[in-house]
Protein chains: 2
Amino acid sequence: MRTSLCDRFGIEVPIFGFTPSEHVAAAISRAGGMGVLGCVRFNDAAELDAVLSWMDENTDGKPYGVDIVMPAKIPSEGTQTDLNELIPPGHRAFVDKVLKDLSVPPLPDDTDERAGVLGWLHSVARSHVDVALNHRISLIANALGSPPTDVITRAHDAGVPVAALAGKGSHAARHVDNGVDLVVAQGHEAGGHTGEIATMVLVPEIVDAVGDRAPVLAAGGIGSGRQVAAALALGASGAWMGSYWLATEEYLQTMPESKAMQNALVEATSADTVRTRIYTGKPARLLKTRWTEAWAAPGAPEPLPMPLQNLLVSHAHNRIHAAADPSVVSMPVGQIVGRMDRVRPVAEVMADLVRGFEDTVSRLDKIR
Amino acid sequence: MRTSLCDRFGIEVPIFGFTPSEHVAAAISRAGGMGVLGCVRFNDAAELDAVLSWMDENTDGKPYGVDIVMPAKIPSEGTQTDLNELIPPGHRAFVDKVLKDLSVPPLPDDTDERAGVLGWLHSVARSHVDVALNHRISLIANALGSPPTDVITRAHDAGVPVAALAGKGSHAARHVDNGVDLVVAQGHEAGGHTGEIATMVLVPEIVDAVGDRAPVLAAGGIGSGRQVAAALALGASGAWMGSYWLATEEYLQTMPESKAMQNALVEATSADTVRTRIYTGKPARLLKTRWTEAWAAPGAPEPLPMPLQNLLVSHAHNRIHAAADPSVVSMPVGQIVGRMDRVRPVAEVMADLVRGFEDTVSRLDKIR
């Protein structure tokens, strides 16, 4: 399964694995792919710095990358205190009522509660870039498309290529115009922030839109060797997978309290996701649970714009997480969740992807 | 591009082309695929009979099929007059107002207006089966999943296999339990009636759900050889394409008044579709135009259930069709519309699909 990306990035298989878990990211890199650590959960740059030092030491010298969340245009932003004042009381009351209705208990008094996720804030995302460039990273990916051009220039000056997610051909072309080196074509079926155009249509559209100016990774709906082969058939040079790693043993090493979430994912079918603005304010695909259903019920308020919506629900997320009730999980995941039927080690997932890809290409060769 | 379906159906390439145009269907069959004529537009069984006689004579002895619209459970249904009484006056007033706002003129006084499409009615769909079984058909496909088992038995007694569309693995397994011979796995990105699960996820899910009990065709998002190769990589034995044939020269032979619609399709991007209940009462993907936008605007009524919604809008469809304004088209089409960039002969489309498939498999073979 060698494409041009293997030589370019020094990896054995062109599978890029996005994950918020450093244990998963390191395992993906050690298994021959490119582990890409999501930075959005790190409010404190020093914490990210420590985790990247751990990555440097636990990837056997193999390449790894980081994923940031940064819009191309720099938004005006206030402090967290200012922003909290912009949240309407009715929205807070709704969240409180839903948590009560769903029997999600308050946090114990001694909980050292995380603040809301601030990685959505531009200043925090910039601190992630500052920290990451002091480590042995091989890629900066941006979940919101092309980062500001000065960030791209800084990355290039440090010899680090930049990847950008895109949900339309025209967006992908603009990213490459801005200097982006690698486009992630993320289809509607993907988890997290996602557009309307499905992977089957989007990948060739983006491949044709950027031509030979940038290689393309296919994202959305990929969790087997057949799907990797389909992605490469569509013209992608590799696959970008995010959801699938949530059901790995390594994920629990970083987030040991996530067993209920994993149980919910293992039970879910491909029909058990919903694309909604309730997680961040922008459309993102989540596992469909009693929490998402409450926001879809008649009388529920419209979600707030980014970054307010995530600030609104961050305390609820902490309570939901602590409650460990699989029916009230709040978790971004793609339609591929239907194929995540057990929790496995990362290396086993990677081996299955490679074997499945090879079997598929052999099968297609006979059809020709 | 030979799969097991080629021998089974006596076709050269495993591409099944659904179309309401007999000229397109015949051209697909003559070009080595399986042309499948949509019957829903034929209110009068005698008219279908005449068209199928034309198909018998214009397919060079090559196989062709028909597509019906029939739920597995027989619904209670009234006459068209009864049904018209169930349509709320407010809905009729809304349609009138929208047509006025969009400057869609009334039909000329001498127009011999078609009645609403009655093919959605069970009795009419049964008349289609009766007529079709008197012709040289090689397939009956049902757009609403498995037809009633007595219809399957009649088809099998006549030596005709039955195909059923499915949008979930569990539905596909049930269709095969009912005796269906071939499953069409139709993803979210497809035109017309469609579910929520995208082709990339749905096809392997359905292939695994039915196992070796039935071959699977992939539908939704297919309009190039790369996409056919992706479909086969996902485990399908062939492709089912519908939207793409709307932009063919042969389509105009059946529906010469469709030039404005074709112009609208050629201009559209993959982002210019919307999944809505306004066409039939069930979710179907349509070209996004000023007509669909009017139904999505604040204050628009909820669409009526099938079959009432289509009766409600059938006169509007006639007026819209006659108006020939590309901005007010009402037309089911999939996200692949973004790749339909000119009107071509069917044979040219088929040749491109085959060449693109072969190029893709050669490319994948080098990646291995």
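Computed from a prediction, not measured in an experiment: that's the story for all the values here. (Residues numbered from 1 in each chain as written. Chains lettered and ligands numbered in written order. Predicted model: local features only at pLDDT ≥ 70, side-chain atom pairs only at ≥ 80, totals over all residues. Heavy atoms only, no water.)

Enquirer: Could you clarify how one ought to interpret the domain arrangement of chain A in this entry?
Expert: Note: interface size is frequently given as the accessible area lost on complex formation between the parts. Residue and element names in this part refer to chain A. One can read the domain layout of chain A as domain 1 (4–76 + 118–249 + 348–367) and domain 2 (80–116 + 260–328). Put simply, the middle of domain 1 and the middle of domain 2, counted by C-alpha atoms, are 26 Å apart. If you look at the interface, domain 1 gives 18 residues, while domain 2 gives 18 residues. When domain 1 packs against domain 2, close to 1,500 Å² is buried across both sides, 56% of that on carbon and sulfur atoms. The interface formed by domain 1 and domain 2 includes zero salt bridges. At the surface where domain 1 touches domain 2, the tally comes to nine residue pairs in polar contact (both at pLDDT 80 or more). (Domains from an automatic or database assignment. Contact = heavy atoms within 4.5 Å. Buried area = accessible area lost by both parts, 1.4 Å probe. Salt bridge = Lys/Arg side-chain N within 4 Å of Asp/Glu carboxyl O. Polar contact = N/O pair within 3.5 Å; in protein donor to acceptor, adjacent residues only side chain to side chain.)

Enquirer: Explanation requested: the interface of chain A and chain B in the structure shown.
Expert: Counting residues at the interface gives 42 residues for chain A and 43 residues for chain B. Carbon and sulfur atoms supply 59% of the area buried between chain A and chain B, which totals about 3,500 Å² over both sides. A per-residue breakdown of the area chain A buries against chain B is headed by Met200(A), Ile367(A) and Arg368(A), which together make up 19% of the total. At the junction of chain A and chain B, the tally comes to four salt bridges. Salt-bridge contacts for Asp208(A) lead to Arg226(B); the nearest nitrogen and oxygen are separated by 2.9 Å. Here chain A is connected to chain B by 19 residue pairs in polar contact (both at pLDDT 80 or more).

Enquirer: Sorry, what's going on with the relation of the copies chain A and chain B here?
Expert: Think of it as a corkscrew move, a rotation about one axis and a shift along it, taking one chain copy to the other. Mapping chain A onto chain B is achieved by rotating through 180° and translating by 0.0 Å along the same axis, at an RMSD of 0.0 Å. Interpreted geometrically, this transformation is the action of a two-fold axis. In terms of C-alpha distance to the rotation axis, chain A has Ala230(A) as its closest residue, with the C-alpha 2.0 Å off the axis. Counting the interface residues of chain A, we find that 100% of their copies in chain B are interface residues as well, pointing to one common contact surface. (Least-squares fit on C-alpha atoms with pLDDT ≥ 70 in both.)

Enquirer: Help me understand helix α6 (residues 122–132) of chain A, please; the structure alone is not making it clear to me.
Expert: Working note: α-helix, 3.6 residues per turn, so residues spaced by three or four point in the same direction. All names here are of chain A. In terms of residue burial, α6 counts as a mostly covered element, since eight of its 11 residues are buried. All of the buried residues along α6 are His122, Val124, Ala125, Ser127, His128, Val129, Val131 and Ala132. Each element contacted by the buried residues of α6 is listed here: α3 (45–58), β3 (64–68), β4 (140–142) and α7 (149–157). (Buried < 20%, exposed > 50% of the residue type's maximum accessible area, 1.4 Å probe, protein only. Helix = DSSP H or I, 4+ residues; strand = E, 2+ residues; numbered from the N terminus.)

Enquirer: I tried to follow the sheet that holds strand β1 (residues 15–19) of chain B on my own but got confused; where do I start?
Expert: The strands that make up a sheet are held in pairs by hydrogen bonds between backbone atoms, and each pair lies either parallel or antiparallel. All names here are of chain B. Judged by pairing direction, the barrel is parallel, and its eight strands sit side by side in the order β1-β2-β3-β4-β5-β6-β8-β9 before closing back on the first. On average, each strand axis in the sheet is tilted by 25° relative to the strand beside it, whichever way the strands run. The pairing of β1 with strand β2 (residues 34–38) spans four bridges and is classified as parallel. The residue of β2 that forms the bridge with glycine 17 is glycine 35. Helix-sheet contacts for helix α2 (residues 22–30) involve β1, β2 and β3 (64–68), and the interaxial angle to β2 is about 165°. (Pairing = 2+ DSSP bridges. Axes fitted to C-alpha atoms, helices over the stretch in contact; angles between N-to-C directions.)

Enquirer: Hey, could you run me through helix α12 (residues 259–267) of chain A in this one?
Expert: Burial in α12(A) covers these residues: Ala260(A), Met261(A), Gln262(A), Ala264(A) and Leu265(A). For α12(A), the secondary structure elements touched by its buried residues are α11 (249–254) and β11 (284–287) of chain A.

Enquirer: In this structure, what is going on with the environment of Glu257(A)? I would like to understand it.
Expert: Residue and element names in this part refer to chain A. Counting through the fold element by element, glutamate 257 comes out in the loop between α11 and α12. Residue glutamate 257 is classed as partly exposed on the basis of its relative accessible area, which comes to 41%. Along the sequence, glutamate 257 and alanine 231 sit 26 residues apart, while their C-alpha atoms lie 34 Å from each other. Of note is the side chain of glutamate 257, whose polar atom sits 3.2 Å from the side chain of histidine 321.

Enquirer: What exactly am I supposed to notice about the sheet that holds strand β10 (residues 273–276) of chain A here?
Expert: Residue and element names in this part refer to chain A. Overall, antiparallel pairing links the three strands, which are arranged β7-β11-β10 in an open sheet. The sheet terminates laterally at β7 (192–193) and β10, the two strands that pair on one side only. With four bridges joining them, β10 and β11 adopt antiparallel strand pairing. What sits directly across from arginine 275, in β11, is arginine 285.

Enquirer: Is there a simple way to think about the packing of aromatic side chains in this case?
Expert: Each aromatic ring pair is described using two quantities: the centre-to-centre distance and the angle formed by the ring planes. Summed over all chains, the structure comprises eight aromatic pairs over all chains. Between Phe9(A) and Phe16(A) the ring centres are 5.6 Å apart and the planes differ by 90°, which places this aromatic pair in the edge-to-face class. The exposure class of Phe9(A) is buried, given its relative accessible area of 8%. Here Phe16(A) falls in the buried class, since its relative accessible area comes to 0%. When the ring of Trp291(B) is compared with that of Trp295(B), the centres are 6.0 Å apart and the planes differ by 75°; the resulting orientation is edge-to-face. Here Trp291(B) and its partner Trp295(B) are both found in helix α13 (residues 290–296), four residues apart, which amounts to about one turn of the helix. No difference in accessibility class separates Trp291(B) from Trp295(B), as the two residues are buried. Among the aromatic residues, those joined into a ring-pair cluster are Phe94(A), Trp291(A) and Trp295(A). (Phe/Tyr/Trp six-rings, centres within 6.5 Å; stacked < 30°, edge-to-face > 60°.)

Enquirer: Sorry if this is basic, but what is going on with unusual backbone geometry here?
Expert: For Asp60(A), which is not glycine, the phi torsion reads 50° and is therefore positive. With respect to the helices and strands, Asp60(A) occurs in the loop between α3 and β3. Although it is not a glycine, Ala324(B) sits at a positive phi angle of roughly 55°. By relative accessible area, which is 40% here, Ala324(B) ends up partly exposed.

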